[in-house]
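# Structure assessment
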Amino acid sequence: MTVSTTTSYTLAELAERFGLVAHGDAGVRVDGVGTLAAAGPSQLGFLANSKYTAQLAASGAGIVVVRAENLADCPGAALVAADPYLAYAKIAALFERLPAAPVGIHPSAVVAPTARVSQSASIGPCCVIGDDAVIGDGVVLGPHCIIGDGCTVGAHSRLVARVTLVVRVTLGQRVLIHPGAVIGSDGFGLAFDRGGPDPAHWVKMPQLGGVRIGDDCEVGANTTIDRGALEDTVLEEDVRLDNQIQIAHNVYVGAHTAMAGCAAVAGSAKIGRYCMIGGNAGVLGHLELADRVTITAKSLVTHSIHEPGEYSSGVPLQESRPWRKNAARFKHLDAYARRLSALEKDKNHE
Amino acid sequence: MTVSTTTSYTLAELAERFGLVAHGDAGVRVDGVGTLAAAGPSQLGFLANSKYTAQLAASGAGIVVVRAENLADCPGAALVAADPYLAYAKIAALFERLPAAPVGIHPSAVVAPTARVSQSASIGPCCVIGDDAVIGDGVVLGPHCIIGDGCTVGAHSRLVARVTLVVRVTLGQRVLIHPGAVIGSDGFGLAFDRGGPDPAHWVKMPQLGGVRIGDDCEVGANTTIDRGALEDTVLEEDVRLDNQIQIAHNVYVGAHTAMAGCAAVAGSAKIGRYCMIGGNAGVLGHLELADRVTITAKSLVTHSIHEPGEYSSGVPLQESRPWRKNAARFKHLDAYARRLSALEKDKNHE
Amino acid sequence: MTVSTTTSYTLAELAERFGLVAHGDAGVRVDGVGTLAAAGPSQLGFLANSKYTAQLAASGAGIVVVRAENLADCPGAALVAADPYLAYAKIAALFERLPAAPVGIHPSAVVAPTARVSQSASIGPCCVIGDDAVIGDGVVLGPHCIIGDGCTVGAHSRLVARVTLVVRVTLGQRVLIHPGAVIGSDGFGLAFDRGGPDPAHWVKMPQLGGVRIGDDCEVGANTTIDRGALEDTVLEEDVRLDNQIQIAHNVYVGAHTAMAGCAAVAGSAKIGRYCMIGGNAGVLGHLELADRVTITAKSLVTHSIHEPGEYSSGVPLQESRPWRKNAARFKHLDAYARRLSALEKDKNHE
């Protein structure tokens, strides 16, 4: 598959712009990108995964981005990068076409008189902006965004569509939020009332804090981030959240941490910087994770982690028939361990 | 519980329409459906699960749908089907009342001048339709749907309410999408930039592909389907997704595959045809699943599966007290296996 | 962190209102709340977790809520409560500022002529209210709520923003629903059609039931609750659901049960009263859980539970290197158990 646009760049221009070493005809011009297998002469491809090395020699791409070690196999013009995947990410951004976002407020939007909206912002159809909200320069609110009372959206942030900031939410600059995300909803705090004339029931703990999200963060589709009970829920800068992630109240996430889809962090947990949380992994409440901790997919973190490294839980997938036999045995694991010790003891006393 | 409507059908009409064998008074007429226990003389019930056989003789239903083997126990008129559950599904559809969907564009909708909307389509309140979008014949967009630039909705598809197609999304015909679903959001692609004057940080990989969804697919409430990085994310025809499912970029799902709620498939995984993915099950990225693979609930698929069959992971539920003892032993399972082998070796050398 | 408001209360007023015992100057007045560490003389703090006892003596809070045993350490005025967390929850509610909700229907809302909306209700921007819907006294619908045909919202309920009630949904009184929640979407019911001229394919089972939600329930952000196939899906009173929970069709949840984020309950399961379902825990379809059952986070309930108590599944988190060795051994657990038994048998025959 390939993508072409109306803008184009020469090999020499790309090399200069991104600090890469060019090989071949400096005037070769590309107007888009594609996979090694599909790219044509006006497109740029890249080789990052050695699994695809065999495709390099036959690629029809006008320019390829490769490591120095693959240069010999390039059929035409090439850009050499220490990290071709990273270099490609930067180059491909030149060819991304974002939906049009006309400056100004769409007539169907509902903006409170006390809200302050930058004249360079784009406010899409059916947006609702509450009292005392602040919308910074160059912000794009796609259709159906709701910005609650007193929320702030930092300059050049983009809320793609149908994003809800409930109340007391502050976004930094260049924050990107995908549709369906809800930020600043009530934390889940309940006190149990055993007594009184009524039957025992729950009493809601008011959620009086807010949410602070740092510069350059990204929040995926249908992800939810609750506001704090008293302190704020915090994402430091450059935190990257995939879709359908749940961040509970008073969670603190360090800078540059990334979480894959369906991960969940319970209340008051503190995640370090440069952590990687795998898909559908969970972190229990009030735990702390050090910097540079990696949690593999679907693992549950049940205790604080003080050392960087990779951590896992779970058991491997099997055909269901043998799995059922093994799983049934798990319920007796403690007994097996005792029986094993008993046998060893007997042997040693023989 | 029962459902009644203003339309009605006789035993003979139902037998003819659905190719079933009728027993009893051909003129018995029903205007709705109900459970065996609750249905009255103007309603149709069914027996699919042998657990409820005892209710059959006492049922007040005007017509019952049964297997031939249960015919003797029917108190009145009956339709005989090889698969009563399937036959009932088809008959009950006659009595489903969908919300009214007047043809035309609601005055509160915002439709780009370059969009092409069929004259037989129904566009609900507050819908937003972007540039070059195409809305086919008989399509129903319920309230608050957002159809991004260049997206296509195939004929007779129904987006119930508040569905977002972000960009480069193509839906086939008769696709049904439930509220809160987000299709075509950015895939979660990041390159890590270690160097430069800034601290190490993430660089977003542009997501230049789209999403293609085949005919007769169904997408559940709050489900998310990301668009591809270069290639498209694809659902072939008749794929059925329940609520809160996450489909990452470049995933490919074969025809007739069904996934239960909260399942998640990571990037570039390829799922075969006629697969069944259980609730909250996960599939890691870049894996392949053959046709007719079943994954049980909450299992994590960590390697490709080349043979049809049923696969599982996980351990059984127990009371927490014994569970904690067994779980603690799991951390020493490798040591136990070695100790067991050592004992066996000793014995063989006796 | 602290919260202050324009309303204030004296120690004596709070003691009387909440039935607590006051110690110190009855005229001390607070206008907000804060943590023990941050609260100032015009704010109220509390001590519920003994971990923070050391902060009590140094707290600058005007009033603290404590257990009798901590009274001696209080530096100033105090309220004595058997459960300070509960007492604080009730007091803090006095200082919660909800977003303004003007009575009446916002001009951008779309209300069907046959809908009945109380004159004391507040209907926010872009709300859509369908035929025969009923909106009770004092109800607040925040922006972008969709109330489908025939749905009822009981008195004093609050739908914060962007909540969708699809069809045949009845909410009790004082129900609180957070943004992105979808209630009354189609249950996931499919019959498999093997025969006929077409290839084998799915046939949708019409979902003809509804959803009934009792008084004082709370539903979290992006949570989904499907309507029943024939019977209704039911939440009794005071059920508390966190974010991103999935409740499938025909589930029945007993009063006062609470579920943490990302929990999921499959079709026709019946959960008792006063249950606690942990984060990302799952319950398979058609199971029954007794009253007062607790399920720990990420556990999967695979069989009915007839006795109150706490139940778990899963294995503990480890560093990935030793975990991989242990996990690999799990696939042979049945064999190990047999080998262990064989060794024991040999020993007994020696």
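Residues numbered from 1 in each chain as written. Chains lettered and ligands numbered in written order. Predicted model: local features only at pLDDT ≥ 70, side-chain atom pairs only at ≥ 80, totals over all residues. Heavy atoms only, no water.

Per an unreviewed UniProt entry, the recorded name for chain A is UDP-3-O-acylglucosamine N-acyltransferase, and the organism is Rhodanobacter fulvus Jip2. Taken verbatim from the UniProt record of chain A, the Pathway (unreviewed entry) comment is "Bacterial outer membrane biogenesis; LPS lipid A biosynthesis." Looking at the Sequence similarities (unreviewed entry) heading of the UniProt record, one finds this comment for chain A: "Belongs to the transferase hexapeptide repeat family. LpxD subfamily." (UniProt positions renumbered as here; feature names shortened; annotations may be inferred.)

Looking only at helices and strands, one finds four helices and 38 strands in chain A. Taking contacts inside chain A between residues at least 6 apart in sequence as the whole, the part at least 24 apart equals 20%. Taken together, the 29 basic and 34 acidic charged side chains of chain A have centroids lying 8 Å from each other. (Helix = DSSP H or I, 4+ residues; strand = E, 2+ residues; numbered from the N terminus. Contact = heavy atoms within 4.5 Å. Lys, Arg positive; Asp, Glu negative; His and termini not counted. Charge placed at Lys NZ, Arg CZ, Asp CG, Glu CD.)

The next thing to look at is the interface of chain A and chain C. Opposite the 78 residues of chain A that make contact, chain C presents 73 residues. Across the chain A to chain C interface the summed buried area is about 6300 Å²; carbon plus sulfur atoms make up 63%. By the criterion of area lost to chain C, the three top residues of chain A are Phe188, Trp202 and Leu230 of chain A, representing 12% of everything that side buries. The interface formed by chain A and chain C includes six salt bridges. Residue Arg324 of chain C is joined to Glu310 of chain A by a salt bridge in which the shortest nitrogen-to-oxygen separation is 3.5 Å. Taken together, the connections running from chain A to chain C amount to 33 residue pairs in polar contact (both at pLDDT 80 or more). (Buried area = accessible area lost by both parts, 1.4 Å probe. Salt bridge = Lys/Arg side-chain N within 4 Å of Asp/Glu carboxyl O. Polar contact = N/O pair within 3.5 Å; in protein donor to acceptor, adjacent residues only side chain to side chain.)

Right, let's talk about the relation of the copies chain A and chain C for a bit. With an RMSD of 0.1 Å, the fit of chain A onto chain C corresponds to turning through 120 degrees and sliding 0.0 Å along the axis. Given the turn and translation reported, the copies of this chain are related as if by a three-fold rotation axis. (Least-squares fit on C-alpha atoms with pLDDT ≥ 70 in both.)

Remark: helix α3 (residues 320-330) of chain A packs on helix α4 (residues 333-349) of chain C, axes separated minimally by 7 Å, with the N-to-C direction vectors making an angle of 60 degrees. Classified by the angle their axes make, α3 of chain A and α4 of chain C are oblique. In contact with Lys325, Asn326, Arg329 and Phe330 of chain A of α3 of chain A, α4 of chain C contributes Leu333, Asp334, Ala337 and Arg338 of chain C. Counted by class, the contact of α3 of chain A with α4 of chain C contains three nonpolar, one polar and four charged residues. (Axes fitted to C-alpha atoms, helices over the stretch in contact; angles between N-to-C directions. Parallel < 35°, antiparallel > 145°, perpendicular 65-115°, else oblique. Nonpolar A, V, L, I, M, F, W, Y, C, P; charged D, E, K, R; others polar.)

Turning our eyes to something else, we now look at the sheet that holds strand β12 (residues 134-135) of chain B. Backbone-to-backbone hydrogen bonds pair the strands of a sheet. The strands run either parallel or antiparallel. All names here are of chain B. The strand order across the open sheet formed by eight strands is β9-β12-β15-β18-β23-β26-β29-β32, and the pairing between neighbours is parallel. Edge positions in the sheet fall to β9 (116-117) and β32 (270-271), since each of these pairs with one other strand and no more. Summarising the sheet, β9 and β12 pair through two bridges and their orientation is parallel. Of the residues in β12, the one forming a bridge with Arg116 is Val134. (Pairing = 2+ DSSP bridges.)

Residue and element names in this part refer to chain A. The positions that UniProt labels "active site" (unreviewed entry) are, in the present scheme, His249. Tracing the backbone through its elements, the reader meets His249 in the loop between β28 (246-247) and β29 (252-253). Residue class for His249 comes out buried when judged on its relative accessible area of 14%. If near-sequence neighbours (up to four positions away) are discounted, His249 is found in contact with Gly187, Phe188, Gly189, Gln207, Asp226, Arg227, Gly228, Ala229, Thr233, Gly267 and Ser268. (Buried < 20%, exposed > 50% of the residue type's maximum accessible area, 1.4 Å probe, protein only.)

Another aspect to go through is the environment of Val140 of chain B. Residue and element names in this part refer to chain B. Mapped onto the secondary structure, Val140 falls in strand β13 (residues 140-141). Remark: the alpha-carbon pair of Val140 and Ile123, spanning 17 residues in sequence, is separated by 6.3 Å. Residue contacts for Val140: discarding those within four places in its chain leaves Ala101, Ser122, Ser157, Arg158 and Leu159.

This paragraph deals with the pairing of strand β20 (residues 182-185) of chain A. Here strand β17 (residues 164-165) of chain A pairs with β20 of chain A via two bridges, running parallel. Bridge pairing in β20 of chain A places Leu165 of chain A opposite Ile183 of chain A.

Turning our attention to the sheet that holds strand β14 (residues 146-147) of chain A. All names here are of chain A. In space, the 10 strands of this open sheet follow the order β8-β11-β14-β17-β20-β25-β28-β31-β34-β36, with parallel pairing throughout. Only two strands of the sheet have a single neighbouring strand rather than two, namely β8 (110-111) and β36 (300-301). Relative to strand β25 (residues 224-226), β20 runs parallel, the two being bridged by three bridges. Opposite Ser185, over in β25, you have Asp226 as the bridge partner.

A word on the interface of chain B and chain A. At the junction of the two partners, chain B supplies 77 residues and chain A supplies 73 residues. Approximately 6300 Å² of surface area, both sides summed, lies buried where chain B meets chain A, with 63% of it carried by carbon and sulfur atoms. Contact with chain A buries area across many residues of chain B, yet Phe188, Trp202 and Leu230 of chain B alone supply 12% of it, more than any other trio. Our enumeration of links across chain B and chain A arrives at six salt bridges. Where Arg329 of chain B meets Asp334 of chain A, a salt bridge forms, and the shortest distance between an N and an O atom there is 2.7 Å.

Residues and elements named next belong to chain C. Positionally, Thr10 belongs in strand β1 (residues 2-10). Looking at Thr10, the relative accessible area reads 10%, which means it is buried. Setting aside chain neighbours within four positions, we find Thr10 in contact with Ala26, Gly27, Val28 and Arg29.

Now for unusual backbone geometry. Excluding glycine, residues mostly carry a negative phi; peptide bonds, for their part, are mostly trans. With a phi close to 60 degrees, Asp132 of chain B is a non-glycine residue in the positive phi region. Assignment of secondary structure puts Asp132 of chain B in the loop between β11 (128-129) and β12.

Moving on to the environment of Gly285 of chain C. Secondary-structure assignment places Gly285 of chain C in the loop between β34 (282-283) and β35 (293-295). For the pair Gly285 of chain C and Ala269 of chain C, spaced 16 residues apart in the sequence, the C-alpha separation amounts to 5.1 Å.

Take the domain arrangement of chain A next. For chain A, the assigned domains are domain 1 (2-95), domain 2 (163-311) and domain 3 (320-349). Taking the mean C-alpha position of each, domain 1 of chain A and domain 2 of chain A sit 39 Å from one another. (Domains from an automatic or database assignment.)

A word on the pairing of strand β5 (residues 63-66) of chain A. Residue and element names in this part refer to chain A. Burial along β5 is two-sided: Ile63 and Val65 facing one way and Val64 and Val66 facing the other are all buried. Examined bridge by bridge, strand β4 (residues 43-46) and β5 share three bridges and lie parallel to one another. Within β5, the position partnered with Leu44 by the bridge is Ile63. In this structure, β5 lies alongside strand β6 (residues 77-80), joined through four bridges in parallel fashion. Pairing of Val65 across the sheet is with Leu79, part of β6.

Before going further, it helps to spend a moment on the confidence of the model for chain A. Where the model shows low pLDDT, its predicted coordinates should not be examined in detail. For chain A, the mean per-residue pLDDT works out to 95, and 99% of the residues sit at or above 70. Among the scores for the predicted complex, ipTM is 0.96 and pTM is 0.97. (pLDDT = per-residue confidence, 0-100.)

Quick look at helix α1 (residues 11-18) of chain A now. All names here are of chain A. Listed in full, the buried residues belonging to α1 are Leu11, Leu14 and Ala15. For α1, the arc enclosing every buried residue in end-on projection is 100 degrees, short of the 170-degree limit, so these residues lie on one face. Directly beyond the C-terminal end of α1, a positive phi value near 70 degrees is found at Gly19. (Arc of directions from axis to C-beta.)

Take the pattern of salt bridges next. Following the criterion strictly, the structure yields 42 salt bridges over all chains and no others. In this structure, Arg339 of chain B and Glu344 of chain A form a salt bridge, with 2.6 Å as the shortest nitrogen-oxygen distance. Within this pair, whereas Arg339 of chain B is found in helix α5 (residues 333-349), its partner Glu344 of chain A is found in helix α4 (residues 333-349), the two belonging to separate chains. Each of Asp186, Lys204 and Arg227 of chain A together with Glu218, Asp238 and Arg240 of chain C takes part in salt bridges that share partners, so that together they form one network.

Turning to the packing of aromatic side chains, a few remarks are in order. Scanning the model with the defined rule gives 15 aromatic pairs over all chains in all. Geometrically, the ring pair formed by Phe46 of chain A and Tyr85 of chain A is tilted, given 6.2 Å between the ring centres and 50 degrees between the ring planes. With Phe46 of chain A in strand β4 and Tyr85 of chain A in helix α2 (residues 84-92), the pair connects residues that are 39 residues apart, well separated along the chain. Classification of Tyr85 of chain A by relative accessible area gives partly exposed; the value is 32%. Summarising the aromatic geometry, the rings of Tyr274 of chain A and Phe192 of chain B are spaced 6.0 Å apart at their centres and angled 85 degrees between planes, so their arrangement reads as edge-to-face. Here Tyr274 of chain A is found in the loop between β32 (270-271) and β33 (276-277), whereas its partner Phe192 of chain B is found in strand β21 (residues 190-193) on a different chain. A relative accessible area of 13% places Tyr274 of chain A in the buried class. With relative accessibility at 19%, the residue Phe192 of chain B sits in the buried group. Clustering of aromatic rings is evident, with ring pairs tying together Phe46, Tyr85 and Tyr88 of chain A. Taking NZ or CZ as reference, Arg292 of chain A lies 4.3 Å from the ring centre of Tyr274 of chain A, over its face. (Phe/Tyr/Trp six-rings, centres within 6.5 Å; stacked < 30°, edge-to-face > 60°. Lys NZ or Arg CZ within 6 Å of the ring centre and 35° of its normal.)

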